[in-house]
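Breakdown of the fold
Chain by chain, the residues run as shown.
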Amino acid sequence: MEIPNDTSGSPLPAGPAGNEPVAAPASHLDPGIVHRWIAELDRRLRAAEARLTELDAAIGDADHGANMTRGARSALTAIGEQEGASASRLISAVGYALSRSVGGASGPLYGTWFTALGRNLPEEGPAAAIDVARALVAALEAVQQLGAAEVGDKTMVDALSPASRRALDAADSGADLAGVLRLAVGAAEDGAVATVPLRARRGRASYLGARSEGHQDPGATSAAIVLDALRTAAGA
Ligand code: ADP
Ligand code: MG
């Protein structure tokens, strides 16, 4: 598959970790970044599958790792068939693929998140930092409309909400796309860790009541991975 705007030939050095794709930080979200995002997400979720399974085994039914890897695989196939599509359309296609292929609570929720993210980006042409930040907020709101979870309920919203708000604050203050994504990922990771002491009030984990305390939420954990894969794809 041809990946537009592939910067793998860039002379820029790799980041300190040395294992991330060599790419200049992107100023705008374009189709090439979306293709790299989903490829990176597929790799990252396969690497994290055992951990996500383990987290969901503790407070759920141990299927979150498998759900997410299945979803990423079908998303990758779906966007491979969308030659020439805009970033907006590609991301919506990811959403439809997730809704179709992933069962459980996370399928419809992530399906909704990606579909709303795509729908709220400019339909054609690259998206600037502020467009991406506003779309992240809209995608969060769509997830909350569907799942009715608030921050503190020990769900993916605990990662997505602070990430979206931090992204919007940063973009409003003039941060570029790379800066916006770095801050969003930091907020998502902090939000995921902060779910550990919480008692689940939504989803399957809520059936456990107090026994859900002391475990990190699997969906908040995967949400941080979703955003971190985007950060990597944008070279940030
Ligand atoms: P299931 O719970 O159906 O087995 P998964 O294991 O794939 O689905 O996903 C579980 C994750 O889904 C939880 O860790 C939580 O983050 C998220 N989740 C569950 N219910 C909701 C909800 N109502 N709103 C937001 N996120 C939710
Ligand atoms: Mg589960």
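Keep in mind that what you see is a predicted model, and the values were worked out from it rather than measured.

Right, let's talk about the coordination of the magnesium ion (ligand 2) for a bit. Only Asp56 (OD), Asp61 (OD) and Asp63 (OD) from the protein coordinate the magnesium ion (ligand 2), and they sit 2.0 to 2.2 Å from it. Along the chain, the residues that donate to the magnesium ion (ligand 2) are spaced as D-x4-D-x1-D. Take Asp61: its relative accessible area is 33%, and that puts it in the partly exposed class. Since its relative accessible area comes to 24%, Asp63 is described here as partly exposed.

Turning our attention to the layout of surface pockets. The space that makes up the largest pocket amounts to roughly 510 Å³. If you trace the largest pocket, you find 26 residues lining it, with Ala105, Ser106, Leu109, Gly203 and Arg204 closest to the centre. Counting only elements with at least two residues in the lining of the largest pocket, the list comes to helix H1 (31–59), helix H2 (64–80), helix H4 (106–119), helix H5 (129–147) and helix H8 (218–233).

Attention shifts here to the nonpolar core. Counting 65 residues, the largest nonpolar core has Leu29, Trp37, Trp113 and Phe114 as the members making the most contacts within it. Within the residue set of this core, elements represented by two or more residues are H1, H2, helix H3 (87–101), H4, H5, helix H6 (157–172), helix H7 (177–193) and H8. Setting aside residues up to four positions removed in sequence, Phe114 forms contacts with Trp37, Ile38, Leu41, Ile91, Ser92, Val94, Gly95, Leu98 and Val226.

What follows covers the confidence of the model for the protein chain. Summary statistics for the protein chain give a mean pLDDT of 92 and a share of 90% for residues scoring 70 or more. Note that residues 1–22 has pLDDT below 50 and, in this model, 29 contacts with residues that lie over four places away or in other chains.

Time to look at the packing of H7 against H8. Here H7 crosses H8 at 165°, and the two axes come no closer than 9 Å. Between H7 and H8, the angle falls in the class roughly antiparallel. The handedness of the crossing between H7 and H8 is left-handed. Contacts from Leu181, Arg182, Val185, Ala188, Glu189 and Ala192 of H7 reach H8 at Ala220, Thr221, Ala224, Leu227, Asp228, Leu230 and Arg231. A per-class count over the contact of H7 with H8 returns eight nonpolar, one polar and four charged.

Our focus in this paragraph is the site of ligand 1. In the neighbourhood of ligand 1, 20 residues make up the surrounding shell, with His64, Asn67, Ala105, Ser106 and Asp217 lying closest. Taking Asp217, its side chain carries an N or O atom lying 2.6 Å from an oxygen atom of ligand 1. Considering ligand 1 on its own, with 570 Å² of exposed area, one finds that the protein chains cover 93% of that surface. Comparing atom positions with the cavity grids shows ligand 1 to sit within the largest pocket. Counting residues per element, the ones that place at least two in the shell around ligand 1 are H2, H4 and H8.

Turning next to the side chain of Ser164. With respect to the element layout, Ser164 can be found in helix H6. For Ser164, a relative accessible area of 2% puts it in the buried group. A distance of 3.5 Å separates a polar atom in the side chain of Ser164 from the backbone oxygen of Leu136. If we ignore the near neighbours within four places in the chain, the residues touching Ser164 are Leu136, Val137 and Leu140.

Before going further, it helps to spend a moment on unusual backbone geometry. We note that Ala62 has phi near 65°; this positive angle belongs to a residue other than glycine. In this structure, Ala62 sits in the loop between H1 and H2. Non-glycine residue Ala148 carries a positive phi angle of around 60°. Position of Ala148 relative to the elements: it lies in the loop between H5 and H6. You can call Ala148 partly exposed: its relative accessible area is 36%.

A word on H2. In this model, H2 (17 residues) spans 24 Å end to end at C-alpha, consistent with the 24 Å of a helix rising 1.5 Å per residue. Residues His64, Gly65, Asn67, Met68, Thr69, Gly71, Ala72, Ser74, Ala75, Ala78 and Ile79 constitute the buried set of H2.

What counts and how
Residues numbered from 1 in each chain as written. Chains lettered and ligands numbered in written order. Predicted model: local features only at pLDDT ≥ 70, side-chain atom pairs only at ≥ 80, totals over all residues. Heavy atoms only, no water. Donors = N, O, S within 2.8 Å, 3.2 Å for Na, K, Ca; no water. Buried < 20%, exposed > 50% of the residue type's maximum accessible area, 1.4 Å probe, protein only. 1 Å grid on protein atoms, 1.4 Å probe; cavity = no way out; pocket = protein on both sides within 12 Å on 5 of 7 lines; lining within 4 Å. Points joined across faces, edges and corners; volume = space filled by probe spheres on them. Helix = DSSP H or I, 4+ residues; strand = E, 2+ residues; numbered from the N terminus. Core = buried A, V, L, I, M, F, W, Y, C linked by side-chain atoms within 4.5 Å. Contact = heavy atoms within 4.5 Å. pLDDT = per-residue confidence, 0-100. Axes fitted to C-alpha atoms, helices over the stretch in contact; angles between N-to-C directions. Parallel < 35°, antiparallel > 145°, perpendicular 65-115°, else oblique. Left-handed = near helix turned anticlockwise from the far one by under 90°. Nonpolar A, V, L, I, M, F, W, Y, C, P; charged D, E, K, R; others polar. Near = heavy atom within 4 Å. Polar contact = N/O pair within 3.5 Å; in protein donor to acceptor, adjacent residues only side chain to side chain. Areas by Shrake-Rupley, 256 points an atom, 1.4 Å probe, with all protein chains shown as cover. Sits in = over half its atoms within 2 Å of the grid points. Expected span 1.5 Å × (residues − 1).

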